[in-house]
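A look at the structure
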Amino acid sequence: MMKRFLKRLLLFLVCLAVILGGIGAYIGNMAYEEFYDAPWDQLLGIENHSRDVSTVRQWEKERGWEPVRVNGQDGTILRGTYIENRHDSHKTVILIHGLYQNRSMCLPYMEVYRRLGYNILLIDLRGHGESEGAHTEWGIREIDDLAMWCQWLRNRDEQMSIGLHGVSLGAAMALLYAGSEYGKDLSFVVADSSYGNIISLGREKLWQASGDKRAIWSYDLLDPFFQAAMFYHTHKTVSSLEPAQAVKRMKMPVLFLHGSDDALVPVKTAKSLYDNCTSPKKELYIFADSPHAVGIETDRSDYLRVVSRFIEKDVLND
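Residues numbered from 1 in each chain as written. Predicted model: local features only at pLDDT ≥ 70, side-chain atom pairs only at ≥ 80, totals over all residues. Heavy atoms only, no water.

For the chain, an unreviewed UniProt entry supplies the name Alpha/beta hydrolase and the organism Megasphaera intestinihominis.

Structure, rendered in structure tokens:
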């Protein structure tokens, strides 16, 4: 009698687990799809300038800059602007913009690199500017896209030394690339206002918006199903898209920049990225009283000085 009861109980528990697992998988897949189509500009309080490339197109025309393009591995057309410094320059920095921006955002960052003899490659991330795609993919395809841009540069000049300077989302993409197999040959990375973990950032913003512990419990309960759906669709884990993990695999010189008054990505994130970075040459600079990703506006002279010193000391003198 007891054996029969235990068998029925076991069967019931197995059926219940299958049903709950199926429901969880369905909801996790819905969450994964919503993750991409979510209005992140509204959720994060970011103005959407992603398709306004009028400034950079005007500068291209007036200054004779070269419009360029590559194809992503999935066929997506990616566009950018190449600005040659000198014909004998064998070093280029790729400037990478933030979420809902485009390559025009990076124009103020060119000055220091031009002075140091660098060619400049401004790129539009997929889903931004003149590049194809509906939205960011948070590193799922952007890392391969950056590999295509680096290959384009090396096809142009096999001696090319390449560094990355990214801002906000661009900083996260730069760190992800630098921590990948592709990034081993990079000469340096400058990461301005990068997040560390997009899932943790979403959890924090949900708590700030709702103040409801039940929402956080639901978020945590859904997380493994969301991650399973991501792996099913992309064959990538969430941890592979975390700058917080990428910095643990980096060897090239790295400069972390952040604003002390960043309300979107807390300054503690930059400190954690710095602490966990395995590069033997790493620096961290915090701009006082500066909000998210505007250090070059609030402290322009300091910003240019810090970047210039880093490049001269840790990169060009290597």
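From this point, the discussion proceeds with the structure in view.
**Thoughts on unusual backbone geometry**
Let me state the cut-off plainly: Here a strand is any run of E in DSSP of at least two residues, a helix any run of H or I of at least four, and the numbering for each starts at the N terminus.
Positioned with a positive phi, Tyr 100 is a non-glycine residue whose angle comes to about 60°. If you trace the backbone, Tyr 100 turns up in the loop between β3 (91-96) and α4 (110-115). Within the chain, Ala 293 stands out as a residue other than glycine whose phi angle is a positive 60°. Within the secondary structure layout, Ala 293 lies in the loop between β8 (282-287) and α11 (295-298).

**Observations concerning the sheet that holds β3**
Put simply, the rule reads: Whether two strands pair comes down to DSSP finding at least two bridges between them. To define axes, lines are fitted to C-alpha atoms, for helices over the stretch in contact only, and angles between the resulting N-to-C directions are given on a 0 to 180 degree scale.
With mixed pairing, eight strands are arranged side by side in an open sheet as β1-β2-β4-β3-β5-β6-β7-β8. Lying at the two open borders of the sheet, with one neighbouring strand each, are β1 (66-71) and β8. Here the average twist between neighbouring strands, direction ignored, is 20°. As paired strands, strand β7 (residues 254-259) and β8 are joined by six bridges and run parallel to one another.

**A few points about the pattern of salt bridges**
Let me state the cut-off plainly: Counted as salt bridges are all cases of a side-chain nitrogen of Lys or Arg within 4 Å of a carboxyl oxygen of Asp or Glu. Exposure categories follow from relative accessible area, calculated using a 1.4 Å probe and restricted to protein chains: below 20% of the type maximum is buried, above 50% is exposed, and the middle band is partly exposed.
For the coordinates displayed, the defined rule picks out 17 salt bridges. The partner of Glu 60 in a salt bridge is Arg 103, and the shortest N-O contact between them spans 3.1 Å. Of the two residues, Glu 60 sits in helix α3 (residues 54-63) while Arg 103 sits in the loop between β3 and α4, which places them 43 residues apart along the sequence. Like Arg 103, Glu 60 is buried. In this structure, the salt-bridge partner of Asp 74 is Arg 126, at a minimum N-O distance of 3.0 Å. Remark: Arg 126 occurs in the loop between β4 (119-123) and α5 (142-156) and Asp 74 occurs in the loop between β1 and β2 (77-83); sequence separation between them is 52 residues. With relative accessibility at 36%, the residue Asp 74 sits in the partly exposed group. Accessibility expressed as a relative area gives 3% for Arg 126, which makes it buried. Salt bridges sharing common partners tie together Arg 57, Glu 60, Arg 103, Asp 124 and Glu 130.

**Thoughts on the packing of α5 against helix α6 (residues 169-178)**
So the rule is basically this: Roughly parallel means an angle under 35 degrees; roughly antiparallel, over 145; roughly perpendicular, 65 to 115; everything else is oblique. Contacts are assigned to residue pairs that have any heavy atoms within 4.5 Å of one another.
Axis separation between α5 and α6 bottoms out at 9 Å; the angle between their running directions is 75°. Judged by the inter-axis angle, α5 sits roughly perpendicular to α6. Only Met 173, Leu 176 and Tyr 177 of α6 make contact with α5, whose side of the interface consists of Glu 142, Ile 143, Leu 146, Ala 147 and Cys 150.

**Looking at the environment of Lys 236**
Among the secondary structure elements, Lys 236 is positioned in the loop between α8 (213-234) and α9 (243-246). When its relative accessible area of 28% is taken as the criterion, Lys 236 is described as partly exposed. Linking Lys 236 and Ile 140, residues 96 residues apart in sequence, is a C-alpha distance of 7.4 Å.

**Observations regarding the nonpolar core**
For the record, the criterion: The nonpolar core is taken to be a set of buried Ala, Val, Leu, Ile, Met, Phe, Trp, Tyr and Cys residues, with the residues joined through side-chain atoms within 4.5 Å.
By size, the foremost hydrophobic cluster in this structure holds 51 residues, and its most contacted members are Ile 94, Leu 121, Leu 175, Val 189 and Tyr 195. Residue contributions to this core peak at nine residues, all from α6. For Tyr 195, the residues in contact, after removing those within four places along its chain, are Trp 138, Leu 169, Ala 172, Met 173, Leu 201, Pro 243, Val 265, Thr 269 and Leu 273. Membership of the second largest hydrophobic core comes to 31 residues, among which are Leu 107, Tyr 109, Met 110 and Tyr 113.

**Notes on the side chain of Arg 126**
The cut-off we apply is this: Identification of polar contacts relies on pairs of N or O atoms within 3.5 Å, with a donor-acceptor requirement for protein atoms, meaning one able to donate a hydrogen and the other able to accept it, and with residues adjacent in sequence counted only if both atoms are side-chain atoms.
A polar contact of 2.7 Å, which involves the side chain of Arg 126, links it to the side chain of Asp 145. Ignoring sequence-local partners within four residues, the contact set of Arg 126 consists of Asp 74, Thr 76, Leu 78, Ser 131, Glu 132, His 135, Thr 136, Glu 137, Arg 141, Glu 142 and Asp 145.

**Observations concerning α5**
Defined as follows: One less than the number of residues in a helix, times 1.5 Å, gives the span that helix is expected to have.
Over its 15 residues, α5 extends 21 Å from the first C-alpha to the last, a length consistent with the 21 Å expected when each residue adds 1.5 Å. Tucked inside the fold, the buried residues of α5 contact β1, β2, β3, β4, β5 (161-167) and α6.

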